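This is what each chain is made of:
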Amino acid sequence: MASPAPVADGSAAQNPLTLLTLDELRQRTSVKWRMHPPDVLPLWVAEMDVPLAPSVADALRRAIDLGDTGYAHGTAYAEALSDFAARRWGWHNFRVDHATVVPDVMMGVVEVLRLVTDPGDAVVVCSPVYPPFYAFVSHADRQVIEAPLGPDQRMDLAALDEAFRRARACGRRPAFLICNPHNPTGVVHRRDELEAVAELACRHGLRVISDEIHAPLVLPGAHFTPYLTVAGAENAFALISASKAWNLAGLKAALAVAGPQAAVDLNRMPEEVSHGPSHLGVIAHTAAFRAGGQWLDLLLDGLDTNRSLLETLLAKHLPSVRYHRPEGTYLAWLDCTALGIDTGQSDGEPGVASDVDGPAKMFLDRARVALSSGHVFGTGGAGFVRLNFATSPAILTDAVARMGRAVDTHRPSAG
Ligand SMILES: Cc1ncc(COP(=O)(O)O)c(C=O)c1O
């Protein structure tokens, strides 16, 4: 068989999701692989089972060989993102001088919240949503107001209108923290939806902060719209990094980007925030945006394949579990309510990402498959699980088969 054609960044044109064996993955020391005992297949936290993109690995290796491990400097990261955003998303008015490096996306969210809201102010989120949207906001002494997604899992403008009104009523400077694309549903917000959000936010006087960490991970059939390219978003912020798409969560560095009317706020960011990102992180994220495009395309093909494989596997092994094909991310939000499993602590506090209950607990205990528990994603999450399909087709197949067997043996009629 002919060997795969090389691509420009030096990698063979292979699906990155097929390159590591389970034995190799189990040698990893990150939370995905160390939270549970070795008989568990971990499909929970948003880490991917891929080797580093060669362009990123080369940049890091070069830095190590040179001993280039001092403090980060300059605007290379923002320039690399600006070029990537223009090529991929048609974002041509990206202003490098309106971007600043922050330690990671969530710390960036918190620091921007500190700039544009006050303690006690409300922060609106569309539930169910990434659990730290609850924990980090409340730890920063702001209060979360939920605007639940609609039954189609997209933003519900009437719910947003009502939440914005309540947010306005309970504080001086409220904000809306949007997840674009949305974790856990994988919905990629359309331009018309974002324009409607911007119009509502202007009308109610809320600042918008758009978490765009999953932006490069938009799958065939959908198109990512950067919030700052939408009319009415001039005083908004976006938080972006290469962390999810190139699996760089351990290499800390993200960018906070301000719309033209928000640049004055971003200038007030305390100096110490820029001391958080690591130089190696900046090098890695810069290399990803600058030279990791072909690797990303191979990854997106692999994720698209897994997205369809998951649909087939669920139909075969778990036909009563409902799956909306995600438009982006590598996360599948599975409605397990028809399994009739007690949803456990569904009334408890959302926000603790590693808390496991309900169907996720059943799958962990009986299938030895670790998933994220829906209840930690807030209202609308109970009875769901989030499955991370950024793994090999072999692991995905084994995991869903195990989950199917667990449900069969869990049925009361099976004794
Ligand atoms: C929507 C969203 N925001 C932020 C993060 C975390 O990003 P960081 O590690 O850069 O804070 C994640 C991680 O999965 C995420 O899904």
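About the criteria used
- Residues numbered from 1 in each chain as written.
- Predicted model: local features only at pLDDT ≥ 70, side-chain atom pairs only at ≥ 80, totals over all residues.
- Heavy atoms only, no water.
- Helix = DSSP H or I, 4+ residues; strand = E, 2+ residues; numbered from the N terminus.
- Rg over C-alpha atoms; globule rule 2.2 N^0.38 Å.
- Buried < 20%, exposed > 50% of the residue type's maximum accessible area, 1.4 Å probe, protein only.
- Contact = heavy atoms within 4.5 Å.
- Lys, Arg positive; Asp, Glu negative; His and termini not counted.
- Charge placed at Lys NZ, Arg CZ, Asp CG, Glu CD.
- Pairing = 2+ DSSP bridges.
- Axes fitted to C-alpha atoms, helices over the stretch in contact; angles between N-to-C directions.
- Parallel < 35°, antiparallel > 145°, perpendicular 65-115°, else oblique.
- Left-handed = near helix turned anticlockwise from the far one by under 90°.
- Salt bridge = Lys/Arg side-chain N within 4 Å of Asp/Glu carboxyl O.
- Near = heavy atom within 4 Å.
- Polar contact = N/O pair within 3.5 Å; in protein donor to acceptor, adjacent residues only side chain to side chain.
- Areas by Shrake-Rupley, 256 points an atom, 1.4 Å probe, with all protein chains shown as cover.
- Nonpolar A, V, L, I, M, F, W, Y, C, P; charged D, E, K, R; others polar.
- Expected span 1.5 Å × (residues − 1).
- Core = buried A, V, L, I, M, F, W, Y, C linked by side-chain atoms within 4.5 Å.

Examining the overall build of the protein chain
Part 1: Of regular secondary structure, the protein chain possesses 13 helices and 13 strands.
Part 2: Taking 415 residues into account, the globule formula puts the C-alpha radius of gyration at 22 Å, and the protein chain, at 21 Å, falls close to it.
Part 3: Projected onto its principal axes, the C-alpha positions of the protein chain cover 65 × 55 × 35 Å.
Part 4: In the protein chain, buried positions account for 56% of the 415 residues.
Part 5: A separation of at least 24 residues holds for 74% of the contacts in the protein chain among residues at least 6 apart in sequence.
Part 6: Across the protein chain, the centroid of the 36 positively charged side chains sits 2 Å from that of the 46 negatively charged ones.

Quick notes on the sheet that holds strand β4 (residues 143-146)
Part 1: Reading across from one edge, β2-β8-β7-β6-β5-β3-β4 is the order of the 7 strands in this open sheet, with mixed pairing throughout. Of all the strands in the sheet, the pair left with one neighbour each is β2 (99-102) and β4. The sheet shows a mean angle of 25 degrees between the axes of neighbouring strands, taken without regard to direction.
Part 2: Here β2 pairs with strand β8 (residues 254-258) via 4 bridges, running antiparallel.

Some words on the packing of helix α7 (residues 157-169) against helix α8 (residues 191-204)
Part 1: Their axes nearest at 10 Å, the elements α7 and α8 cross at an angle of 25 degrees. Overall, the two elements α7 and α8 adopt an arrangement that is roughly parallel. In this structure, α7 crosses over α8, and the sense of that crossing is right-handed. Judged by residue contacts, Leu 157, Leu 160, Asp 161, Phe 164, Arg 165 and Arg 168 of α7 engage Ala 196, Val 197, Leu 200, Ala 201, Arg 203 and His 204 from α8.

Section: the pattern of salt bridges
Part 1: By the definition in use, this model includes 22 salt bridges.
Part 2: When the shortest N-O distance is used, the salt bridge between Asp 49 and Lys 32 registers 2.9 Å. In this pair, Asp 49 sits in the loop between β1 (41-42) and α3 (54-66) while Lys 32 sits in helix α2 (residues 31-34), placing the two residues 17 residues apart along the sequence.
Part 3: Residue Asp 49 is classed as buried on the basis of its relative accessible area, which comes to 1%.

Notes on the site of the ligand
Part 1: Taken together, Ala 46, Asp 104, Val 105, Met 106, Tyr 130, Cys 179, Asn 183, Asp 211, Ile 213, His 214 and Lys 244 are the residues near the ligand.
Part 2: Within the backbone of Met 106, one N or O atom sits 2.9 Å away from an oxygen atom of the ligand.
Part 3: Here an oxygen atom of the ligand and a side-chain polar atom of Asn 183 are 2.8 Å apart.
Part 4: In isolation the ligand has 400 Å² of accessible area, and contact with the protein removes 92% of it.
Part 5: Here the residues of the shell around the ligand are counted per class, giving 6 nonpolar, 2 polar and 3 charged.

Digging into the environment of Asp 211
Part 1: Counting through the fold element by element, Asp 211 comes out in strand β6 (residues 207-211).
Part 2: On the basis of relative accessibility, which here comes to 3%, the residue Asp 211 falls in the buried class.
Part 3: Put simply, Asp 211 and Ala 370 are 159 residues apart on the chain and 26 Å apart in space, counted from C-alpha to C-alpha.
Part 4: Setting aside anything within four residues of it in sequence, one finds Asp 211 in contact with Val 105, Met 106, Phe 133, Ile 178, Cys 179, Asn 180 and Leu 239.

Digging into the sheet that holds strand β10 (residues 331-335)
Part 1: Ordered by their spatial adjacency, 4 strands build an open sheet running β9-β10-β13-β12, and the pairing between neighbours is antiparallel. Here the strands that pair on one side only, and so sit at the sheet edges, are β9 (322-323) and β12 (372-373).

Some thoughts on the side chain of Asp 335
Part 1: Residue placement: Asp 335 occurs in strand β10.
Part 2: By relative accessible area, Asp 335 is classed as buried at 12%.
Part 3: Polar contacts involving the side chain of Asp 335 include one to the side chain of Thr 337, which spans 2.5 Å.
Part 4: Not counting residues within four places of it along the chain, the set of residues in contact with Asp 335 comprises Ser 320, Val 321, Arg 322, Gly 383 and Phe 384.

Side note on helix α5 (residues 105-116)
Owing to its 3.6 residues per turn, the α-helix aligns residues three or four sequence positions apart on the same side.
Part 1: With 12 residues, α5 extends 16 Å from end C-alpha to end C-alpha; this agrees with the ideal 16 Å at 1.5 Å per step.
Part 2: With 10 of 12 residues buried, α5 lies mostly within the body of the structure.
Part 3: The opening residue of α5 is Asp 104, an N-cap whose side-chain oxygen sits 3.3 Å from the backbone nitrogen of Met 106.

A look at the pairing of strand β5 (residues 175-179)
Part 1: In terms of residue burial, β5 counts as a mostly covered element, since 5 of its 5 residues are buried.
Part 2: Side-chain alternation along β5 places Ala 175, Leu 177 and Cys 179 on one buried face and Phe 176 and Ile 178 on a second face that is also buried.
Part 3: Pairing between strand β3 (residues 122-125) and β5: 2 bridges, direction parallel. When the sheet's bridge partners are listed, Val 123 is paired in β5 with Ala 175.
Part 4: Where β5 meets β6, 5 bridges bridge the pair, whose relative direction is parallel.

Some thoughts on the nonpolar core
In globular proteins that are soluble, nonpolar side chains generally tend to be buried together.
Part 1: If you look at the biggest cluster of nonpolar residues, it comprises 102 residues, and the most contacted ones within it are Val 124, Leu 160, Phe 176, Trp 246, Leu 303, Phe 363 and Leu 387.
Part 2: Take this core: its biggest share by element is 8 residues, from helix α11 (residues 293-317).
Part 3: Ignoring anything within four residues of it in the chain, the contact list for Phe 176 reads Val 124, Val 125, Cys 126, Met 155, Leu 160, Phe 164, Val 197, Leu 206, Arg 207, Val 208 and Ile 209.
Part 4: Of all hydrophobic cores here, the second largest spans 28 residues; its members include Val 112, Val 123, Phe 237 and Met 269.

Some remarks on the environment of Ala 72
Part 1: Structurally, Ala 72 is set in the loop between α3 and α4 (76-89).
Part 2: Each C-alpha atom, one on Ala 72 and one on Thr 18, is 34 Å from the other, the two residues being 54 residues apart in sequence.
Part 3: When near neighbours in sequence (up to four residues on either side) are disregarded, Ala 72 contacts His 279 and Val 282.

These figures come from the coordinates and say nothing about function on their own.
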